[in-house]
Every structure is written in structure tokens, then in C-alpha cells.
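Listed below are the residues making up each chain.
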Amino acid sequence: MSYQRDFKQRLNVGLVGVGSHGYRNILPTLHYLPVRLTAICDLDLELAQRTASEYGVQSCYTSTNEMYSNEDLDAVFLCVSPFLHPELTCEALDSGIHVWMEKPAAVRASEVETMIKHRGDRVVVVGLKKIFLPATRKVIEIMATTECGPLEGMAAEYNLSIPEDGESVLDDPQLPNPFFDACHPLALMLAVGGEVTAVTMHQTPSRVGACVLEFTSGVVGTFSLLSTPMIKGQWSTPKERYSFWGKWHVSIDNGSRITVQRGIPLDYGHTTNYVPDGLDSGTVVWEPQNTLATLENKALFTQGFYNEMRYFCDCVLAGQPADQGSLEFTLALMRVYEAVLRSNGSRVEID
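Residues numbered from 1 in each chain as written. Predicted model: local features only at pLDDT ≥ 70, side-chain atom pairs only at ≥ 80, totals over all residues. Heavy atoms only, no water.

Asker: Please clarify how the packing of helix α4 (residues 85-94) against helix α5 (residues 109-119) should be interpreted in this entry.
Answerer: When two helices pack together, their arrangement is given by the angle between the helix axes and the distance between those axes. Look at α4 against α5: their axes get within 9 Å of each other, and the N-to-C directions meet at 5°. The angle between α4 and α5 places the two elements in the roughly parallel class. Each of H85, P86, T89, C90, L93 and D94 in α4 lies in contact with α5, whose residues at this interface are E111, T114, M115, H118 and R119. Counted by class, the contact of α4 with α5 contains four nonpolar, four polar and three charged residues. (Axes fitted to C-alpha atoms, helices over the stretch in contact; angles between N-to-C directions. Helix = DSSP H or I, 4+ residues; strand = E, 2+ residues; numbered from the N terminus. Parallel < 35°, antiparallel > 145°, perpendicular 65-115°, else oblique. Contact = heavy atoms within 4.5 Å. Nonpolar A, V, L, I, M, F, W, Y, C, P; charged D, E, K, R; others polar.)

Below you can see the structure in the form of C-alpha cells.
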């Protein structure tokens, strides 16, 4: 691990948006990246200036155009509403600046297509943190082994519901949309399973239910929407859970606890010991220890923020296009998201 002050080569970067999320998660992560924060832009100039003074930044703006004109930036971090991402991303790309943006990248798949047209040779990474989770990376690693893989199926649970009329939400993105946060579970499922060819959403009168995802590989995944209410600020069940199976069963609970069920040697009707000799069977669990003030236990690392932002910086410094969290991956994700909203019980094929 290197800290910002340790890197010999650093990118000059600007930050757009210093609201609650940017202040809690994005700014702190910069401490671990090869960057030099030189400018901050926010519509609230006073907030930008107070934040800038805390981080030793001299330049503050309310206009991204003015910031790009006055500053020599290599890259920009966008942490604003997804309604603004397409316009601000295209503006930055047209100015020759590499772009990292928070998720969701847009509210329509067509807007991602527009960003791709403006990208040129610039690097663009979308902060889909679920694909950068250490837990997700471990599942992909396990499923690639001959001992466990190939992947044969998956299931996801997430606390979401479907709007009453998905088509109207697509026509007017300003309408309330409780499914908008679906970029998290869908991104993780696509990261592990690959491309999706068709979607069918089965929903209940309470607007929850289960979505069936058909993958190009032949794998079928289910995505269950939970309607668990918050009680005294807590959900009564884990907010999210993911299961994957090949020869073994692998699960992720709340984004950080990985459980691998390897089974035990079994002779049905004769085996009497569930803990046989050796260490090659049984269950393996990884989870943060939270006993030492070390980085692997911090949410910035367990929840993928560091991995996604470091990956972006490494791609820019190496002069190579992004593969993980790319606009192409985001476009595939948005097409699945739109197909779920359109389904209403019907099978929707994805081109």
C-alpha cells in the first residue's frame, strides 16, 4: 500500500460535487491514490471553499467549464446526480480529461451510448463498487478454478421494489423509482456471470418478487427483491445476499462475508463423521476481523471504493483503456435494468 504522499507520479485531478457522499467516501479515498487534488467544483461555492480549506486546495469553482479552462487537469472525479453525469462526462471528455464518475452513470442506456461516442482515447470508469468488492473478486477467482467451476447458477437478494409502471419511469426518469438502486446487485451479478440475453420480472401486488436473468453462458440467475421494512433504522434481514454455485457453493453476505461450502467426503448411509481428517473439506469463511486499525478492515477497502478509484488512476497512468467498470459494461447493465422495468411478467430479450 502506498499513500498519496508516497507516489512519485501523480495525476492532477479535480472533484465535482462535495456533498455528503463525496465528503464521506470519495475525498477520504484520495488519501490512498496517486493524485494531487488541485480544484473543487460545486454549485455551493461556500461549501466548496470550506471543503477545500480542509484539504489544502486553493481553487474552487461553481462552473466545470471554468475549472477546465483555468486548471491543468489530467482527470476529474464526478460525484453528482446521475441526471447530470452524461452532460458533465461529455463536457470533460471533450476537454480531453479522463473521467471517473459515481454510479449510476445515467438514467437511460441511450445516455451511456452518447458518452461512448464522446470518449475517444480517454479513460472512463464508473464507480460500480460491487464489481470491485474484494468479495466479488474472490468469487470470480473461486469460480475460475477447476475445483469449483464452472459457474452453474446464482441467486441474489436485495432490498428493493419495482415501480408500479416501469415504462412510465423510462419515459419520465423524474418519476419516483424505488428500483433505481438496482445498479448494485445487477452489477455484481453481471461481473460474475457475464452478459445477459433475456430478463423476466415476476412481481407481486406489493411490487416485489423475483427476476430471472438468462446469461449468454447458459447460466440462469434469480434476483429476489425484498420488501423488508426498516425498523429503528435497521433491516430485519441482511440488506443483501448473493449465492453462486458450481461444484461448491459460495455466498457473500452484506458485501463482506464470503462463505465457501466445499462439502465433506460422503458415503450415503455409511458416513458417520461430519468432520473428516484433513483440511481439504468443510467450510471456509473470510470476513473483516475489525480488531486492528489496518486498512483491510476499513469500509473504503471492504466496500470497493479504493479498488475502483485506484483502478481508474492506474489505467490513466498506464495509458490503457478501462475494462472493469467501463462504459461498455455500464451499457450492458443499463440494458438489463431497463428490461426489468419493461418486463411486468413477460420475457424481454436483450440485444
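Asker: I keep staring at the pattern of salt bridges and nothing clicks. Help me out?
Answerer: Pairing between side chains becomes possible if they bear opposite charge and their charged atoms approach one another. Going through the model one piece at a time under the given rule, you end up with 15 salt bridges. E141 is the partner of K138 in a salt bridge, and the nearest nitrogen-oxygen pair spans 3.3 Å. With K138 and E141 both in helix α7 (residues 134-143), this residue pair falls three residues apart, about one helical turn. Judged by relative accessible area, K138 falls into the partly exposed class, the value being 23%. Each of R108, E167, E338 and R342 takes part in one network of salt bridges that share partners. (Salt bridge = Lys/Arg side-chain N within 4 Å of Asp/Glu carboxyl O. Buried < 20%, exposed > 50% of the residue type's maximum accessible area, 1.4 Å probe, protein only.)

Asker: Looking at this model, I keep getting lost on the packing of helix α1 (residues 20-29) against helix α2 (residues 45-55). Mind explaining?
Answerer: At their nearest, the axes of α1 and α2 sit 13 Å apart, and the two run at 35° to each other. In this structure, α1 meets α2 at a crossing whose hand is right-handed. From α1, Y23, L27 and P28 reach across to α2, where they touch T51, E54 and Y55. Counted by class, the contact of α1 with α2 contains four nonpolar, one polar and one charged residues. (Left-handed = near helix turned anticlockwise from the far one by under 90°.)

Asker: Whenever I open this one, the nonpolar core confuses me. Can you help?
Answerer: Considering soluble globular proteins, one finds that nonpolar side chains tend to be buried as a cluster. With 110 residues, the main nonpolar core has F77, F179, L213, F223 and F244 as its most contacted residues. It is helix α12 (residues 327-343) that provides the largest number of residues to this core, a total of 10 residues. Excluding residues within four positions of it along the chain, L213 makes contact with L186, M189, L190, V196, A198, V199, V219, V220, G221, F223 and V336. (Core = buried A, V, L, I, M, F, W, Y, C linked by side-chain atoms within 4.5 Å.)

Asker: What am I meant to see in the packing of aromatic side chains here?
Answerer: For any two aromatic rings, the description comes down to two numbers: the centre-to-centre distance and the angle of the planes. Enumeration over the complete set of coordinates arrives at nine aromatic pairs. Ring geometry for F77 and F312: centres 5.6 Å apart, planes at 75°, overall edge-to-face. With a gap of 235 residues between them, F77 in strand β4 (residues 75-78) and F312 in helix α11 (residues 305-318) connect regions that are remote in the sequence. Here F312 falls in the buried class, since its relative accessible area comes to 0%. Counting every residue linked through ring pairs, the aromatic cluster contains Y3, Y32, F301 and Y306. (Phe/Tyr/Trp six-rings, centres within 6.5 Å; stacked < 30°, edge-to-face > 60°.)

In short, the description is geometric, and any link to function would need to be established separately.
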